[in-house]
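Summary of structural features
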Amino acid sequence: MFSFKLKNLKFLNQLIFFKSKFYFVRMRRKNLKIFKFFDDRRIGAIPRIFLTSIFVVFSFYHIPSIVNFANQQLLDDKEFQNNSKAILAYTLNKKEGVEADGGDLNEKDLLIDIFSLNDLETDTVRLNASTIKQLFQDTDYKLDDVRETKLVKPVALTLLPGEIKMIESTKKRKEFFIQIVLPLVLKENNNIRLDRKTLFKIINKSNNTKLEKKWLEKKYKQYGVTSKDLTTLKIRMDEIPVSLALAQAAKETGWGTSRFAQEGNALFGQWTWSGEGLKPKEADENKGHKVMKFNVLQASVRAYQRNLNTHRSYKNFRLARAHLRDNNQPLDSLILSQFLKNYAETGNQYVEVLQKIINQNNLKDFDDAKLLPSSKELESLI
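Parameters at a glance
Residues numbered from 1 in each chain as written. Predicted model: local features only at pLDDT ≥ 70, side-chain atom pairs only at ≥ 80, totals over all residues. Heavy atoms only, no water. Helix = DSSP H or I, 4+ residues; strand = E, 2+ residues; numbered from the N terminus. Buried < 20%, exposed > 50% of the residue type's maximum accessible area, 1.4 Å probe, protein only. Contact = heavy atoms within 4.5 Å. Areas by Shrake-Rupley, 256 points an atom, 1.4 Å probe, with all protein chains shown as cover. Axes fitted to C-alpha atoms, helices over the stretch in contact; angles between N-to-C directions. Parallel < 35°, antiparallel > 145°, perpendicular 65-115°, else oblique. Nonpolar A, V, L, I, M, F, W, Y, C, P; charged D, E, K, R; others polar. Salt bridge = Lys/Arg side-chain N within 4 Å of Asp/Glu carboxyl O. Polar contact = N/O pair within 3.5 Å; in protein donor to acceptor, adjacent residues only side chain to side chain.

Counting secondary structure elements, the chain contains 15 helices and 5 strands. Looking at the chain residue by residue over its 382 residues, the buried ones come to 42%. Sequence separation of at least 24 residues holds for 70% of the intrachain contacts in the chain that already meet a minimum separation of 6. Within the structure as shown, the chain displays about 21200 Å² of accessible surface, and the carbon and sulfur contribution to it stands at 54%.

On to the packing of helix H11 (residues 297-310) against helix H12 (residues 315-326), then. Closest axis-to-axis distance for the H11/H12 pair is 7 Å, and the angle between their directions is 85 degrees. One element, H11, and the other, H12, form an angle in the roughly perpendicular class. Contacts between H11 and H12 pair Leu308, Asn309 and Thr310 from the former with Phe317, Arg318 and Arg321 from the latter. Partitioned by chemical class, the residues of the contact of H11 with H12 number 2 nonpolar, 2 polar and 2 charged.

A word on the pattern of salt bridges. A side chain with one charge may pair with a side chain of the opposite charge, provided their charged atoms come close. What the rule picks out here adds up to 16 salt bridges. Across the salt bridge formed by glutamate 239 and arginine 193, the nearest N and O atoms sit 3.0 Å from each other. Of the two residues, glutamate 239 sits in the loop between helix H8 (230-236) and helix H9 (242-253) while arginine 193 sits in helix H6 (residues 170-203), which places them 46 residues apart along the sequence. Comparing glutamate 239 with arginine 193, the two get one shared label, buried. Several salt bridges converge on common partners, so that one network encompasses Arg193, Arg196, Asp238, Glu239, Arg321 and Arg325.

Bringing the side chain of threonine 253 into the picture now. Along the chain, threonine 253 falls in helix H9. At a separation of 2.7 Å, a polar atom in the side chain of threonine 253 contacts the main-chain carbonyl oxygen of alanine 249. Among residues more than four places away in sequence, those in contact with threonine 253 are Phe177, Ser258, Ala261, Ala266 and Leu267.

Within the secondary structure, lysine 219 is located in helix H7 (residues 210-222). Residue lysine 219 is classed as buried on the basis of its relative accessible area of 7%. When the C-alpha positions of lysine 219 and leucine 233 are compared, they lie 7.9 Å apart, and in sequence the two are 14 residues distant. Setting aside its immediate chain neighbours within four residues, lysine 219 contacts Asp195, Leu233 and Met237.

The following block contains the structure:
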């Protein structure tokens, strides 16, 4: 798709060039008549130079604007194409990925909770769009209410409906997608928030129990902290801003319509070389990456958060987040998105698209949203 866009861009630029050339020839013929008029009246070269200068200035002034406009149109067209080079990257075959901090890293430990979540339900039923809409209606789950009350109903879906791509209204399709993904993101952030509470409780104690030490060992493995450094664990074990997660899910799936989202519950386009996944159509059948496949949407969200919280490519993202924490500032998605240029091959352009999605859809309204508790343990987070 991307190469097709490039071909269109080259064709468009060539078309503009030839049109400009044709226009120049026509103008030249007209100019010859004008120059003949000057010759008949014995008017000198100065008017000729003046007329030619006006034409040259006009051409050089307007043609770049036309080209830029054409380029922007093509950029807008491919805004929601999946061009991510993001990888879960703990590929279990020693591909570069997790940021080493000393010691031998067992990559399976990083993923064990994701694998276990992924294997919980292998026979899930895909609800159709009308059933899901009715479910939202029955539970009185509306985005307008969420923006106002900041409370989200704990409606957790396991699969995206196939009919989402048939919703003609762009606004309704986007809102429907947000309604599905929002509780999933909040749930994973809640899990991390509970873990952080436990971590700070441990840090503030002089002596820890055996259970606390066992818990710490587990979290060191999950977050790839082989040095067993509490400060490193604290920096990695943190939330992803809701608006940022929603924007990346929207970007990577075309608001839930991509093949990877529909067939593999892949909300964030993460790559794998050895795990189960879907082969991109343009990729070599026997070589290269696959897009990681999940049985349930929740596993995709957890894998995405683990990716940002441990992969070496996002170290600066984590440091910027920690800096905001240290200064008692909210986790601003517009600030933190600047450190995700490595998530896609388009680099800074990818960051601009994320920020555009966040702003145009007012996604920051959901950053301070809370998931209504489904258990007493979660009530403390409201």
